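The chain contents come next:
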Amino acid sequence: MYRNLRELVLTIVVMLMLSTSLAKPRHIVFIVADDLGWNDVGFHNADMITPNIDKLANRCVILNSSYVQPVCTPSRHSWMTGIYPFKAGLQRGALLPEQAVCSPLDMKFFPEKLQKLGYSTHMAGKWHLGFCNWDCTPTNRGFDSFLGYYNGQEDYYNKTILNGIDFHDNKEPIPEDNRYSAFVYADRAKSVIKNHNKTKPLFLYLPFQSVHIPIQVPKRFEDMYPDIANDQRRQYSGMVSAMDEAIGNITQALVDNGMMDDTLIIFTADNGGWPGFGGNNYPLRGGKITIFEGGTRAVSFVSGSGIEKPGSTYNGLIHAVDWHPTILAAADSSTDDTNDNIDGLNQWKAISLGGESLRTELVYNIDNSDLAPNGHAAIRVGDFKLIDGYPGPYQDWYKPEQEYENNPHVTTDYQYYSKIVQDDLVKNNGLWKGDGLYNLKDDPTEHHDVSKQYPDIVKTLKAKLDEYRKSYVTPNFPFNDPKANPKNYGGYWMPGWC
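Residue numbering note: each chain is counted from 1, following its sequence as written. In view of the model being predicted, local features appear only for residues whose pLDDT reaches at least 70, and side-chain atom pairs are presented and counted only at 80 or more, with totals across whole chains, interfaces and linings using the full set of residues. Side-chain calculation: all heavy atoms of the structure are included, whereas hydrogens and water are not.

Trainee: What is the right way to look at the state of the cysteines in this model?
Mentor: Covalently bonding the sulfur atom of one cysteine to the sulfur atom of another cysteine gives a disulfide. Note on disulfides: each one is a pair of cysteine sulfur atoms within 2.5 Å. In the structure shown here, the tally under the stated rule is 2 disulfides. For C132, the disulfide goes to C498, at an S-S distance of 1.9 Å. Because the sign of the S-S torsion sets the handedness, a value of about 60 degrees for the bond joining C132 and C498 places this disulfide among the right-handed ones. Of the two residues, C132 sits in the loop between strand 4 (120-126) and strand 5 (145-149) while C498 sits in the segment after helix 12 (455-469), which places them 366 residues apart along the sequence. Here the term buried applies to any residue with accessible area under 20% of the maximum for its type, exposed to any over 50%, and partly exposed to those in between, with areas from a 1.4 Å probe on protein chains only. In this structure C498 comes out as partly exposed when scored by relative accessible area, which is 43%. With its bonded cysteines labelled in order along the sequence, the protein shows the pairing 1-3, 2-4. Numbering of helices and strands runs from the N terminus, with a helix taken as a DSSP run of H or I at least four residues long and a strand as a DSSP run of E at least two residues long.

This is the structure we're talking about:
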């Protein structure tokens, strides 16, 4: 077969080089857009100016049925741990600055596992998984470096929330030079990429502040939308385009450093757009804070290394809890973190090759809420979705140019969740009238409640919800703790008070 020993040796060397090349771990960039609506990207809505996101989307797999939680903290907990929030007491809502709670420390975050696989792990952006104890913070939960903020709603320029500054480089509080946050985080990402040791794989987590309230954007981006009459919608659209430019700067850094071809990019929203603050989910029903599709069906795609069918749309079910094992499998194909200890399923083969999803059902949320006497829960099994109890305050179909100024649910209060829900429950006597059953294959916009036609399906899905309720943990949503006051820490929001 081989004419001489030299030819045999050369063949073996080539095979070893090919094997090494094929086994080379890929870089992974995980991008999160905060409060981005279904209708707020160019590949869903031609009126939105998002050329960099669209460029990625055109050579990616668009995830058409990728689900998250109705608000941000529960979604972030889900993908970090692979565990449903209702099993961790984090289902109630977004964590507030003075609450002494964080994502449970006995639940391992996937970046910790990536570190053990040899990855350099870096984060720039919004944490919002609790910070009262140093053990809760990013550099203690799997990240080699962190630039960003701990809480959920801050000024895009001066980095303040309520009465304190929330901006940190690793564990050090830092003053800010008043640059717009999307470009601060993009610059940090570019620096990480430029200085990365290419003998190691890179994991870069970029949970942008954009496009969460407050509505703030450099004027040049707002001016890109002169035909939008509504001030909030025009400025919000500019915020989306500013984030898009930041993403373009980051992807260009990957190209410039010769890393793009070896990088897998994952993009997802953390929940739906917020009606009343510029976000739009049309034609989906509802928005942020609700368990309708508009609040939970996320804009999402995967692009780059390992994707075998770019330019396609994937309709298989995916939930936020799946990112934990899926990212680990994308990092190391021999890793299978799907087990009885997490809810997430390893969807890497399904997404990368275009196969069948491993997921046939998902839980939107379970909260036996004192705010909602009939509860707040929903489940999807196959094509059918059951809403059991109160779905949330945004129950309509909002078009992009719809005026929201008179919406009674709008508030700039940081404690928006409880206020909005309480206002809505008072208005509606605290009740959600009957079960809501929807066939999402035939009716993805949830116009037609078919619970009366299919009582047996309602019964079956209620029984499944009851099974999940056996793992229910009471929400850990405590009263504010005065020890958190930034006055105790030189004007900064800091850990160390719980």
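This is not the end of the story, as more comes after the structure.
Trainee: Sorry if this is basic, but what is going on with the packing of helix 2 (residues 51-58) against helix 7 (residues 231-256) here?
Mentor: In a pair of packed helices, the angle between the axes and the distance between the axes together describe the arrangement. Axis definition: a line fit to C-alpha positions, over the contact stretch in the case of helices; interaxial angles, taken between N-to-C directions, run 0 to 180 degrees. In the contact formed by helix 2 and helix 7, the axes pass within 7 Å of each other and the chain directions differ by 55 degrees. Judged by the angle between their axes, helix 2 and helix 7 are oblique. Here helix 2 contributes P51, N52, I53 and L56 to the contact with helix 7, which in turn contributes M243, D244, E245, I247, G248 and T251. Here the nonpolar group is Ala, Val, Leu, Ile, Met, Phe, Trp, Tyr, Cys and Pro; Asp, Glu, Lys and Arg are the charged ones; every other residue, Gly included, is treated as polar. Split into classes, the residues belonging to the contact of helix 2 with helix 7 amount to 5 nonpolar, 3 polar and 2 charged. Oblique is the label for any angle not covered by the other classes, which are roughly parallel (under 35 degrees), roughly antiparallel (over 145) and roughly perpendicular (65 to 115). In what follows, a contact means two residues having at least one pair of non-hydrogen atoms within 4.5 Å.

Trainee: Would you explain helix 2 in this entry?
Mentor: One full turn of an α-helix is made of 3.6 residues, so residues set three or four places apart face in the same direction. I53, D54, L56 and A57 are the residues of helix 2 that are buried. Projection of helix 2 onto a plane perpendicular to its axis shows the buried side chains occupying an angular sector of 160 degrees, all on one side. For helix 2, the exposed residues lying more than 90 degrees away from the buried face are K55 and N58. Looking at the packing, one finds that the buried side of helix 2 touches strand 2 (60-63), helix 7, strand 11 (263-269) and strand 12 (300-304). Directions pointing from the helix axis toward each C-beta atom define the arc.

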